[in-house]
Each structure stands twice: as structure tokens, then as C-alpha cells.
Amino acid sequence: MQTILITNAKLVNEGSTQAADVLIKNGRIENIAPSLSAEGADQVIDAQGKALLPGMIDCHVHCREPGLEQKADLHSETRAAVAGGVTSIMEMPNTKPAAVTNAVLEEKFALAATKCVANYSFHLGASNSNLDELLAMDPKTVCGVKLFMGASTGNLLVDRTEQLENIFGQVQVPISLHCEDTNTIRANEKAAREKYGEAIPFSEHWKIRSEQACYQSTALAVELATKYGSQIHVLHLTTAKELGLFKAGTVDTKKITAEACPHHLWFSAEDYETLGALIKCNPAIKTAADRAALRQALLDDVVDTVGTDHAPHLWEEKQHPYGSAPSGLPVIQSAIVSLLEYLPLETVAEKTAHNPARIFKTLDRGFIREGYWADLVLVDTETPHTVSKENIEYKCGWSPFEGVTFNSSIAATLVNGQLAFSNGKVDGAIRGQRLLFDR
Ligand code: DOR
Ligand code: ZN
């Protein structure tokens, strides 16, 4: 393993930014100081003043493997991850088969060891009948439980009240939640069908998957978590109204935390006109006012993390009419650069690395600290780039951001001290590690 010295970096970590050199040895950060000698280093990376952030820990990724490899796989999507500055992923269970047993989960871990360019963990999916599996999960080697409180892509839905109460009452690891009330959505969809027949315009999506559907389900989740003292992480908030259910504060002070996603923070209802199915996702992208409130909530520490909900589907599938076009979009490669358009560097580090590490208690990751794994991203805030088919790593080959010019670029990404991305190229031979948790 190479000893690497990063010189002349603008180190962005734990709320401050300062000039520093970083020495990496055996995959970990050996030394951080204003000036370090290059003696003994196999490689010197002159950062030339670029920003060095902890690599993103993306707690919300769909890689589609096993079973849906025509859309994406663990190798292709972790290539995209490192190209976007993401060094660890926590993947979701709506694969085929669904990851609702520890045995299936371990098969995913075994696959990941041979395929993932980034570090990885996998959520165990909750179902109406697998409480025993959820309770048997090893909290030190698995990130947590994913619970769909509303139906979305796949058929993982927990809608039995007794099972919900059991899960909230007994599961000891973070429970990541998809909150949308299915009955409200069904009623809205029925009304839309009566009005439009099969030709429902995509611009109806946010009225069908409505503010009320989100609020009702999120309110129930917060109520149950409060009742049982459970640790929940509510994924992909999309409305200003839901924000009122969460408290402002540092994550160490709360057991109920919230996530926002790059696409809900970037697009708004006005974009359905031009992008249609390409921005159809669940929960839906809402109004410009909701987007503004979500951005503010990140600054106010009401929303704690940014996770991507990277959810690739085929271009051909996205050409279908509203009723059959799948929900979800690929975003992981553009997440950090899109956030930098409206958030300070320190906030980006907090929401993408520090807070995910704090919530999930990832062992020795998420901060630029001596002794921690060297999961790092070098960001060039002065070199813009335009997203195009030529620079997309996704297996599905398209991005909702195509044609968008971001003011920053990812210059390099290190995973466990290995250069996984540099000079615009991914080193596909690198393999990440299984994440461990300090619980
Ligand atoms: O838009 C979505 N896509 N929302 C989800 O809940 C699932 C995801 C997917 O897996 O495609
Ligand atoms: Zn998701």
C-alpha cells in the first residue's frame, strides 16, 4: 500500500477550513500538519489549494444488484460514486430477491467484496413478517434497517400496525424510513385517472404523491419513534410542512434525524414540463417554495444529512407513460458538486460525511482525523464542468443533470488511502471495505 502525501490542501473539516498537508500510510491518515516532509512518500499530490473534504458517506443508494443488473450493479454505481466524491455507500434492500433476511444480506456483502470500488454496507429490509431477522442482525457489521412506510419501487411495505409498533419498539439500530401514506396516494391517483385516463401528465406526480401523503406518514413515524424512543432517520424530506415535525440541533442531541436529497434540493415542480419522467421519483419533487425551505433547513440543522437516493432506471423505461415509467433517478455522481452551488464547503462536509458517521456510528470514517481511514475527496471549486453522457459512469448512461454546468469539479477521490478517482478517470481495480460500526 502506497504512502501518499497531500500537500497544499485547504482542509475542510469539523466546521473549519485551514491550509494543511496530510500524510497517508497503510490506508489511514497518519499525520495532519501545516507542513510535512515528502521524505518516505511514494506519491505526492499537490492539491494547489483545492478543498480537501472527508469523502461522502451516502446512506441512501440503490445499486440494483442482485436481480436488476440490467439497470445497474455494484461495480458500475460505485465507480460513479467515487467519481462524485462518495467513498462509502449504504445500499437499499429493494433488490431481487429483496434483502429481508440476514442470509440474503450476507450474499450482497460477498458480492460487494468483489465488485465495490467504494466502501459499503447494506440495509436489512423490514417486511410485515421478518421481525426475527431484524432482531438477529449484527449491529457492528450492518448499517441498519430500511422500512418503507409507504409503497414505492419494489414491494417492501410494512403496513401492519402491530409490526410497525414491534419494529419501532424493539430494533436497536438506526431505522431509515420512507414515509408516504399509500392510501392518500391511491385516492389521488384514482382521481387523476378519472380526469386524464391513461394520459396523466408527469406534472401531476407531485399532486398525486402529495404534501399530505408525506406529512401524514412522517407524522406517524415521528409519533411512533417518540413513543418508543427509537432511533429513526427519515429519508428524503420533500415538503416545508414536514420540516415542522423535526427539531433543530446537532445530531448528537437527537434520536430523530432527517435527510434531504440532491434532486429535491435542485429541481422543482416547474421542471416536470421539460424533464417529465426523468425527474419522476418517490417522494415527488415538490414546489420551488418547498425546495427553498429544504435548503434553509440544512443550514438551520433541522435536516441533518444529504443522502442521494441514487435510483437508476433504464432510459427506455423512462420513455413510458406516467403510469408505467418507474420512479427514481441516478444522481450520485453529481451530488457533492450540486450541493456546492448553494451550500458552504463546511456545511457540505457536515451533511455528507460527519453527520452520517455520527448517526450510524461508522468506525473511523467521516472525519479527517489522524488514525481514521483516508477516505477523502479533493474538490476543485474553480473548474466548472458540464454533465454529459461522455462523463457519466452510471450503467444506465443518463443523468437528470445532463446539460447542467456546475461551478466545481471533483479532482480526486481516495478510498482507504487508494486513489480511486483522479484526472477524470476511475481506477476500477480498487476495492472498498465493509463498513464497521462502533455500537
Ligand atoms: O423514486 C424512488 N426510487 N423512490 C423509492 O422509494 C425507490 C427508488 C427506487 O428504488 O427506484
Ligand atoms: Zn430510496
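Residues numbered from 1 in each chain as written. Chains lettered and ligands numbered in written order. Predicted model: local features only at pLDDT ≥ 70, side-chain atom pairs only at ≥ 80, totals over all residues. Heavy atoms only, no water.

Q: Any chance you could break down the pairing of strand E11 (residues 175–178) for me, citing the residues and the numbers?
A: Alternating residues of E11 divide into Ile 175 and Leu 177 and Ser 176 and His 178, and every residue in both groups is buried. Taken together, the four bridges between strand E10 (residues 145–148) and E11 define a ladder with parallel strand orientation. Across the sheet, the residue bridging to Phe 148 is His 178, located in E11. Sheet analysis places E11 next to strand E12 (residues 232–234), joined by three bridges and oriented parallel. Bridge pairing in E12 links Ser 176 to His 233. (Buried < 20%, exposed > 50% of the residue type's maximum accessible area, 1.4 Å probe, protein only. Helix = DSSP H or I, 4+ residues; strand = E, 2+ residues; numbered from the N terminus. Pairing = 2+ DSSP bridges.)

Q: Provide a residue-level description of the coordination of the zinc ion (ligand 2), including the pertinent values.
A: With distances of 2.1 to 2.2 Å, the protein atoms coordinating the zinc ion (ligand 2) are His 60 (NE2), His 62 (NE2) and Asp 309 (OD). We note that the donor set of the zinc ion (ligand 2) lies within a single chain, spaced as H-x1-H-x246-D. Note that His 60 is positioned in strand E6 (residues 56–61) and Asp 309 in the loop between strand E14 (305–306) and helix H12 (335–339), a separation of 249 residues in sequence. Like His 60, the residue Asp 309 is buried in the burial classification. (Donors = N, O, S within 2.8 Å, 3.2 Å for Na, K, Ca; no water.)

Q: Residues and numbers for the packing of aromatic side chains, please.
A: One pass over the full model with this rule turns up ten aromatic pairs. For the pair Phe 202 and Tyr 322, a centre-to-centre distance of 5.6 Å together with 65° between the ring planes defines the contact as edge-to-face. Within this pair, whereas Phe 202 is found in the loop between helix H5 (182–196) and helix H6 (205–208), its partner Tyr 322 is found in the loop between E14 and H12, the two being separated by 120 residues in sequence. Judged by its relative accessible area of 17%, Phe 202 is buried. Where Phe 367 meets Tyr 372, the ring centres are 6.3 Å apart and the plane angle is 90°; that geometry is what we call edge-to-face. Taken as a pair, Phe 367 and Tyr 372 share a single burial class, namely buried. Pairwise contacts between aromatic rings join Trp 266, Phe 267, Phe 401 and Phe 406 into one cluster. The residue whose ring lies beneath Arg 28 is Trp 373, and the NZ or CZ to ring-centre distance is 4.1 Å. (Phe/Tyr/Trp six-rings, centres within 6.5 Å; stacked < 30°, edge-to-face > 60°. Lys NZ or Arg CZ within 6 Å of the ring centre and 35° of its normal.)

Q: Residue-level account of the nonpolar core, with values.
A: One finds Leu 53, Leu 147, Ile 167, Phe 168 and Leu 177 to be the most contacted residues of the largest nonpolar core, which totals 106 residues. Ranked by size, the runner-up nonpolar core spans 17 residues in total, among them Ile 6, Ala 20, Ile 45 and Ala 47. (Core = buried A, V, L, I, M, F, W, Y, C linked by side-chain atoms within 4.5 Å.)

Q: Please set out the pattern of salt bridges residue by residue, giving values where relevant.
A: Applying the stated criterion across every chain, the model contains 20 salt bridges. The salt bridge partner of Glu 106 is Arg 434, with a shortest N-O separation of 3.0 Å. Taken as a pair, Glu 106 in helix H2 (residues 102–115) and Arg 434 in the segment after strand E20 (425–426) lie far apart in primary sequence, 328 residues in all. The exposure class assigned to Glu 106 is partly exposed, which follows from its relative accessible area of 37%. For Arg 434, a relative accessible area of 24% puts it in the partly exposed group. What you see here is one network of salt bridges that share partners, running through Glu 189, Arg 193 and Glu 198. (Salt bridge = Lys/Arg side-chain N within 4 Å of Asp/Glu carboxyl O.)

Q: Give me the lowdown on unusual backbone geometry, citing residues and values where you can.
A: Look at the link from Glu 65 to Pro 66: it is a cis peptide, with omega at 10°. Among the secondary structure elements, Pro 66 is positioned in the loop between E6 and helix H1 (74–83). Between Asn 282 and Pro 283 the backbone carries a cis peptide bond, its omega angle lying at -10°. Assignment of secondary structure puts Pro 283 in the loop between helix H10 (272–275) and helix H11 (288–299). In this model, Asp 364 sits at a positive phi of 60°, which is unusual for a non-glycine residue. Along the chain, Asp 364 falls in the loop between helix H13 (345–360) and strand E15 (376–380).

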